[in-house]
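Analysis of the macromolecular model
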Amino acid sequence: MDTTTGLEGASNGSFFQDAESLLADAPSQRTFEIQQVGKRRLAFGHRAHRALSSVDARFLFNIANARSTDLILDPFAGYGGLVSEAKRCGLRIAASDVDKILSPGLSALQPEVGSIADARYLPFGADHFDLIVTEPPFRTAYRQDVIDSLPELRRVLKPPGRLILLISTNMYEGVQNSLGKMDADVKRIDIIPRGGGLKCPVLEIRFEEIIPVLHEA
Ligand SMILES: C[S@@+](CC[C@H](N)C(=O)[O-])C[C@H]1O[C@@H](n2cnc3c(N)ncnc32)[C@H](O)[C@@H]1O
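Residues numbered from 1 in each chain as written. Predicted model: local features only at pLDDT ≥ 70, side-chain atom pairs only at ≥ 80, totals over all residues.

Further remarks concern the pairing of strand β6 (residues 131–134). Residues Leu131 and Val133 line one face of β6 and the alternating positions Ile132 and Thr134 line the opposite face, and both faces are buried. Examined bridge by bridge, strand β3 (residues 71–74) and β6 share 2 bridges and lie parallel to one another. Following the sheet pairing, Ile72 is matched in β6 by Leu131. Across 3 bridges, β6 lies against strand β7 (residues 162–166) in parallel orientation. Counted as the bridge partner of Ile132 is Leu163 from β7. (Buried ≥ 20, exposed ≤ 12 C-beta atoms within 10 Å, placed from the backbone. Helix = DSSP H or I, 4+ residues; strand = E, 2+ residues; numbered from the N terminus. Pairing = 2+ DSSP bridges.)

Here's what the structure looks like:
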């Protein structure tokens, strides 16, 4: 039981993590090309601690209920777990991540657009994407960066805007408070167990459309 975050009681029961499929499609079964000090080499997802299994990725796209015409963004793309699953499902997805070493592997997944970018300053115009599905970094050191990226994620979404977030429990409260200040509607859909005993809430966020206030002259 997690007593610090209000996440007691685990899931709503809509997510079932089938152990066999989890292993069959685990990040350790795939490689990803990275570039370090000018050299390219193959990395394995399980070593990098950041790749999402395709079972978990599929769950997020099921929640997202994306249409094949939607343009989706994963702004914390990492080793591309969500990107490869979106492609497998015939969905259109753009990918970005702040970490330069991921560039060759992300390009190989052939997203609609692949870029190295900080999620707080995305190189996309306003109202560009139909949906964002993403898994920000888990470590507490990144919490403020993740919170600071939320207005930017909203900016690139077509209004009213929908975002599916898989976050760690230590991000949950801060992210929820910030979204509250942005008048977003936040629904906790379920909790996905991740490596190392982490329990990660899955949030469905809907931003209200901003209606400009007209002042009389
Ligand atoms: C949990 S991992 C994502 C894993 C990914 N879903 C996968 O399946 O491989 C989080 C990613 O966020 C990236 N990241 C950290 N800070 C960032 C920022 N400010 N902007 C964009 N990406 C960032 C990290 O480089 C890392 O790859």
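So that's the structure; there's more coming.
This part takes up helix α6 (residues 143–156). Taking 1.5 Å as the rise per residue, α6 with 14 residues should run 20 Å; its terminal C-alpha atoms sit 21 Å apart, in good agreement. Residue Leu150 marks the point of greatest curvature in α6, where the axis turns by about 30 degrees; the proline Pro151 follows within four residues. Those residues of α6 not exposed but buried are Arg143, Val146, Ser149, Leu150, Leu153, Arg154 and Val156. Buried residues along α6 sit in contact with β3, β6, β7, α7 (169–181) and β9 (199–207). (Expected span 1.5 Å × (residues − 1). Bend = angle between axes of the 7 residues up to and from the residue. Contact = placed C-beta atoms within 7 Å.)

Moving on: the sheet that holds strand β5 (residues 114–116). Read across the open sheet, the 7 strands follow the order β5-β4-β3-β6-β7-β9-β8; overall the sheet is mixed. Looking at strand neighbours, the two that pair on one side only are β5 and β8 (184–193), the edges of this open sheet. Here the strands of the sheet are splayed against their neighbours by 15 degrees on average, with no regard to which way each runs. Sheet topology note: the β3/strand β4 (residues 92–97) ladder contains 4 bridges and is parallel. Its bridge partner lying in β4, Leu73 is registered against Ala94. (Axes fitted to C-alpha atoms, helices over the stretch in contact; angles between N-to-C directions.)

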